[in-house]
Amino acid sequence: PQSYPSLRLGNAGHRQGNWRSNWHADVLTAPARSDRLSIPIPISAQWRADRRMSVAQEDLNAKVLGIEEVADHRKCFTIERPAGFDFEAGQHMFVETRLDWGAPFTIVSAPGDGHLAFTTVMRDASPLKKELGELSPGDTVIVSGPYGEFTRDEGEEKTGMIAGGIGITPFISILHDIEARGL
């Protein structure tokens, strides 16, 4: 079988350090809905010392530019891209509706876009999602990041992707980036 070592997985984190990631150095685990078990999906991990990494910035104000319902109970938030906020397709950021009240969200826009965008499931039971749902264009959120190493290896010609549900968001950014750069 052909292998696709072009996606790297790493420990995702953010400045508060209390979010537990399902991403591990060489295995991606996904919860199975029917029995709540984790199914390990081995993926070739590739670590390179010479890899260019984005430098995380913290507590940057960003204005909400737009909010779009993209599917049932799923919204895409487009926000200003703070000056110097560089990221690689597949990374995530921490978004807060107020200081110390937020969560990590995968950036779904491409690195070449002039804005940042993230998509999320809007759950009624989540107080944070309720606050996100009350945002309007012109409101301000706080962003920190970028974080994570779930990115495409530029040296690889082919990329294999497997995702389900809201877990597709890193791939959206990667695909937007591939399209924008004509790869």
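Preceding this paragraph is the structure being described.
Described below are features of the structure shown in this document. Bear in mind that the values here come from a model prediction, so they are computed numbers and not experimental data.

**Concerning the nonpolar core**
Moving on, step 1. If you look at the biggest cluster of nonpolar residues, it comprises 20 residues, and the most contacted ones within it are Ile79, Met93, Val141 and Val143.
Moving on, step 2. Breaking this core down by element, the ones donating at least two residues are strand E3 (57-71), strand E4 (74-80), strand E5 (92-98), strand E6 (101-106), strand E7 (115-121), helix H1 (127-133) and strand E8 (140-147).
Moving on, step 3. Ignoring any residue separated from it by four or fewer positions in sequence, one finds Val143 in contact with Gln57, Glu58, Asp59, Leu60, Ala62, Ile79, Pro82, Met93, Phe94 and Val95.
Moving on, step 4. Among the nonpolar cores identified, the runner-up in size contains five residues, and Ala89, Phe150, Phe171 and Ile174 belong to it.

**Examining unusual backbone geometry**
Moving on, step 1. Note that the residue after Gly145, namely Pro146, is joined by a cis bond; omega there is 5°.
Moving on, step 2. Relative to the helices and strands, Pro146 is located in strand E8.
Moving on, step 3. In this model, Asp59 sits at a positive phi of 55°, which is unusual for a non-glycine residue.
Moving on, step 4. Position of Asp59 among the secondary structure elements: in strand E3.
Moving on, step 5. A relative accessible area of 38% places Asp59 in the partly exposed class.

**Some details on the environment of His115**
Moving on, step 1. With respect to the helices and strands, His115 occurs in strand E7.
Moving on, step 2. Judged by relative accessible area, which is 26%, His115 ranks as partly exposed.
Moving on, step 3. Sequence separation between His115 and Pro82 is 33 residues, and the spatial gap between their C-alpha atoms is 8.3 Å.
Moving on, step 4. When sequence neighbours within four positions are dropped, the list of residues in contact with His115 reads Leu65, Thr78, Ile79, Arg81 and Ser109.

**Describing the packing of aromatic side chains**
Moving on, step 1. For the coordinates displayed, the defined rule picks out four aromatic pairs.
Moving on, step 2. Note on Phe85 and Phe87: the rings are 6.5 Å apart at their centroids and 55° apart in plane angle, and the pair reads as tilted.
Moving on, step 3. Under the relative-accessibility criterion, Phe87 is labelled buried at 4%.
Moving on, step 4. Here the aromatic residues Phe77, Phe105 and Phe118 are joined through ring pairs into a cluster of three or more.

**What about the sheet that holds E8?**
Paired through backbone hydrogen bonds, the strands of a sheet run either parallel or antiparallel to each other.
Moving on, step 1. With antiparallel pairing, the six strands of this open sheet are ordered in space as E6-E5-E8-E3-E4-E7. Strands at the two margins of the open sheet, each flanked by one partner only, are E6 and E7. Shown here is a sheet whose adjacent strand axes are inclined to one another by a mean of 40°, direction ignored.
Moving on, step 2. In the sheet, E3 pairs with E4 via six bridges, with the strands oriented antiparallel. Considered in E4, the bridge of Gly66 is made with Thr78.

Basis of the calculations
Here, residues in each chain are numbered from 1, in the same order as that chain's written sequence. A pLDDT threshold of at least 70 governs which residues receive local features in this predicted model, and a stricter bar of 80 or more applies before side-chain atom pairs are shown or counted, although totals over entire chains, interfaces and linings include all residues. Side-chain metrics rest on all non-hydrogen atoms present in the structure, leaving aside hydrogens and water. Take the buried residues of types Ala, Val, Leu, Ile, Met, Phe, Trp, Tyr and Cys, join any two whose side-chain atoms come within 4.5 Å, and each joined set is a nonpolar core. Relative accessibility decides the category of a residue: with a 1.4 Å probe and only protein chains considered, values under 20% of the type maximum give buried, values over 50% give exposed, and everything between is partly exposed. Under the DSSP-based scheme used, a helix requires at least four consecutive residues in state H or I and a strand at least two consecutive residues in state E, with every element numbered from the N terminus. Contacts are assigned to residue pairs with any non-hydrogen atoms lying within 4.5 Å of each other. Ring pairs are drawn from Phe, Tyr and Trp, using the six-membered ring of Trp, whenever the two centres fall within 6.5 Å, and their geometry is named by plane angle: stacked under 30 degrees, edge-to-face over 60, tilted for the rest. For two strands to count as paired, DSSP must find a minimum of two bridges between them. The convention used is that axes are lines fitted to C-alpha atoms, helices contributing only their stretch in contact, and that angles between N-to-C directions extend from 0 to 180 degrees.

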